[in-house]
Amino acid sequence: MKKIQMVDLKGQYEDIKEVVNTSIQEVLETTAFINGPKVHQFQKNLEQYLGVKHVIPCANGTDALQIAMMGLGLKPGDEVITADFTFAATVEVIALLQLTPVLVDVNEDDFNINIEAIKKAITPKTKAIVPVHLFGQCANMEAILEIAEAHNLFVIEDNAQAIGATYTFKNGKKAQAGTMGHVASTSFFPSKNLGCYGDGGAIFTNDDDLAHTIRGIVNHGMYERYHHDVVGVNSRLDSIQAAVLDAKLPHLDTYNKKRREAAIKYNKAFEGNKNIVTPKLSNACETICESCDCHVFHQYTLRVKGVERDALVKHLNENNIPCGVYYPIPLHLQKAYLDERYKEEDFTVTNQLVKDVISLPMHTELDDDQIEFITSTIIKFVNG
Ligand SMILES: *Cc1c(COP(=O)(O)O)cnc(C)c1O
């Protein structure tokens, strides 16, 4: 059996080596390392894939979120509601811009931001909601867009983990993750579903004016060369990363399908086990199907019951099975984001999830022997 890895970038590269190498070579030959034709080409191809009017590439997913918020003109003191159970980048940029982060609890079943908690957190100062499409499936966008409309709030989708996922509205309309709010951000960090070989990110929007504003912000606030109309940043996707991404984009749906196939095998192995809760789908489908994109499994995350999660992590590591705990500490308890307004009883779900969750190896190269070894090792352990 091949050594099991949490993410197998080498195996994936082997498969597409020639196109990636050629694509990078083209950049080397043109020496257009910044904002070269590859960046533009990738931007156009991603716009087409997503069915969104504007993709604005930038340096990473954290910048993408920050720039989206700058583009919307959010001001110090504005309150921004987001999930307590996510990667810190989401709350970090809110705080950096001197906006006020308002963390709220999530759902136990799909780990995404809880609608009732959002409603409860809205005040006259609330200006935006940042749903994070955690682990590869969309938050409840139908309800979030309704709330935003009713309270005149911006919706900024943090789509770092769900590129290629779709969301189905009650009327049957389907939309790509990252195309439903006013603006969205994504990350091309190597381990993301569409990852480059360094740092990269992008902002998506259907709003022409906002896209124009953002294109200036990513480039020092310049709309005309050496005229700085607003305070901007320097945040660019370099051409070599765009070359990698453009070579990988045509494979994204296949990659996401491979992740789903692995998830289906995991689910099947754990079926009926009373100590293991497998990931729940919360949108259009009841069970995962290979052909439907309602979940793209950036992570395959279990909740374990009746056993010590940390003991399971240790046992897996001893058996050379990598795993991850995303996330071990709720954001509202992180030193940097403490706020006396938070009450523990408002975070019962996150406080529990941080003790129960465990993410298993998930990538495009998992084979049946590996999945069988991972699942049987877990089942033996939890069944005692
Ligand atoms: C990865 C990630 C980010 C940040 O992306 P970087 O490219 O690493 O800056 C932001 N939000 C979420 C939910 C992420 O998973």
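Nothing here was measured: the structure is a model prediction, and the numbers come from that model. (Residues numbered from 1 in each chain as written. Predicted model: local features only at pLDDT ≥ 70, side-chain atom pairs only at ≥ 80, totals over all residues. Heavy atoms only, no water.)

K.L.:
Help me understand the pairing of strand β14 (residues 357–360) in this model?
P.N.:
Regular strands have side chains that alternate between both faces of the sheet. Burial of the side chains of β14 extends over both faces: Val 357 and Ser 359 are buried on one face and Ile 358 and Leu 360 on the other. Here four bridges tie strand β13 (residues 300–304) to β14, and the two strands are oriented antiparallel to one another. Directly across from Leu 302, in β14, lies its bridge partner Ile 358. (Buried < 20%, exposed > 50% of the residue type's maximum accessible area, 1.4 Å probe, protein only. Helix = DSSP H or I, 4+ residues; strand = E, 2+ residues; numbered from the N terminus. Pairing = 2+ DSSP bridges.)

K.L.:
When you look at a nonpolar patch on the surface in this model, what are you seeing that I'm missing?
P.N.:
A cluster of nonpolar side chains, Leu 28, Phe 33 and Ile 34, forms an exposed patch at the surface whose accessible area comes to about 260 Å². Following the sequence through the fold, Leu 28 ends up in helix α1 (residues 9–30). Look at Leu 28 and you get partly exposed, because its relative accessible area is 38%. (Patch = residues over 30% accessible without salt bridge, like charges linked within 9 Å, V, L, I, M, F, W, Y side chains within 5 Å. Areas by Shrake-Rupley, 256 points an atom, 1.4 Å probe, with all protein chains shown as cover. Salt bridge = Lys/Arg side-chain N within 4 Å of Asp/Glu carboxyl O.)

K.L.:
For this particular structure, what's the right way to read the packing of α1 against helix α8 (residues 239–248)?
P.N.:
Relative placement of two packed helices is described by the angle separating their axes and the distance separating the axes. The N-to-C vectors of α1 and α8 enclose an angle of 140°; their axes lie 8 Å apart at closest approach. Between α1 and α8, the angle is such that the two are oblique. Of the two possible hands of crossing, α1 and α8 adopt the one that is right-handed. Note on element contacts: α8 touches α1 through Ser 239, Ile 240, Ala 243, Val 244, Ala 247 and Lys 248, opposite Gln 12, Ile 16, Val 19, Val 20, Ser 23, Ile 24, Val 27 and Leu 28. For the contact of α1 with α8, the residue count by class is ten nonpolar, three polar and one charged. (Axes fitted to C-alpha atoms, helices over the stretch in contact; angles between N-to-C directions. Parallel < 35°, antiparallel > 145°, perpendicular 65-115°, else oblique. Left-handed = near helix turned anticlockwise from the far one by under 90°. Contact = heavy atoms within 4.5 Å. Nonpolar A, V, L, I, M, F, W, Y, C, P; charged D, E, K, R; others polar.)

K.L.:
It is not clear to me how the nonpolar core should be interpreted in this structure. Could you clarify?
P.N.:
Generally speaking, nonpolar side chains in soluble globular proteins are found buried as a group. Within the largest apolar cluster, 39 residues are counted, with the highest numbers of intra-cluster contacts made by Ile 81, Phe 85, Val 104, Ile 113, Ile 118 and Ile 144. Counting only elements with at least two residues in this core, the list comes to β2 (79–83), β3 (100–104), α5 (115–121), α6 (141–151) and α11 (348–356). Take this core: its biggest share by element is five residues, from α6. Mapped onto the domain boundaries, this core takes at least three residues apiece from domain 1 (9–105 + 112–250) and domain 2 (252–382). (Core = buried A, V, L, I, M, F, W, Y, C linked by side-chain atoms within 4.5 Å. Domains from an automatic or database assignment.)

K.L.:
I keep staring at helix α3 (residues 61–71) and nothing clicks. Help me out?
P.N.:
An α-helix turns once per 3.6 residues; consequently, residues spaced three or four apart project the same way. Burial analysis of α3 places nine of its eleven residues in the buried class, which makes it a mostly covered element. Every buried residue of α3 is accounted for by Gly 61, Asp 63, Ala 64, Leu 65, Gln 66, Ile 67, Ala 68, Met 69 and Gly 71. For α3, the capping residue at the N-terminal end is Asn 60, with a side-chain oxygen 3.0 Å from the backbone nitrogen of Thr 62. Phi for Gly 73, located one or two positions after α3, is positive at around 75°. (Polar contact = N/O pair within 3.5 Å; in protein donor to acceptor, adjacent residues only side chain to side chain.)

K.L.:
So what exactly am I meant to see when it comes to the packing of aromatic side chains here?
P.N.:
Inspection of every chain in the model, using the stated rule, returns 13 aromatic pairs. Seen in terms of ring centroids, Phe 85 and Phe 135 are 6.3 Å apart; in terms of plane orientation they differ by 85°. Their pairing is edge-to-face. Of the two residues, Phe 85 sits in the loop between β2 and α4 (89–96) while Phe 135 sits in the loop between β4 (126–130) and α6, which places them 50 residues apart along the sequence. For the pair Phe 85 and Phe 135, one class covers both residues: buried. With a centroid separation of 4.9 Å and 80° between ring planes, the pair formed by Tyr 167 and Phe 169 is classed as edge-to-face. (Phe/Tyr/Trp six-rings, centres within 6.5 Å; stacked < 30°, edge-to-face > 60°.)

K.L.:
Looking at this structure, I do not really get the site of the ligand. What am I missing?
P.N.:
The environment of the ligand is made up of 13 residues, and the closest members are Gly 61, Thr 62, Gln 161, Ser 187 and Lys 192. One of the side-chain N or O atoms of Thr 62 is found 2.5 Å from an oxygen atom in the ligand. In this structure, an oxygen atom belonging to the ligand sits 2.8 Å away from a side-chain N or O atom of Gln 161. Considering the ligand on its own, with 380 Å² of exposed area, one finds that the protein chains cover 91% of that surface. Here the residues of the shell around the ligand sort into four nonpolar, seven polar and two charged. (Near = heavy atom within 4 Å.)

K.L.:
What exactly am I supposed to notice about the domain arrangement of the protein chain here?
P.N.:
When the parts of a complex come together, some accessible area is lost, and that lost area is often taken as the interface size. Each assigned domain of the protein chain is listed here: domain 1 (9–105 + 112–250) and domain 2 (252–382). Placing the centre of domain 1 and that of domain 2 at their C-alpha centroids yields a distance of 24 Å. Between domain 1 and domain 2, the residue contacts involve 42 residues of the former and 37 residues of the latter. Between domain 1 and domain 2 the total buried area reaches about 3300 Å² when both faces are included, carbon and sulfur atoms providing 51% of it. Area buried by domain 1 at its contact with domain 2 is led by Phe 85, Phe 135 and Asn 193, which between them contribute 23% of it. Where domain 1 packs against domain 2, one counts two salt bridges. Linking Glu 79 and Arg 341 is a salt bridge whose minimum nitrogen-to-oxygen distance equals 3.4 Å. For the side of domain 1 that touches domain 2, the elements supplying multiple residues, two or more each, are α1, β2, α4, β3 and β6 (166–168). In terms of residue count, the dominant contributor to the side of domain 1 that touches domain 2 is β3 (five residues). Split into classes, the residues belonging to the side of domain 1 that touches domain 2 amount to 22 nonpolar, twelve polar and eight charged. (Buried area = accessible area lost by both parts, 1.4 Å probe.)

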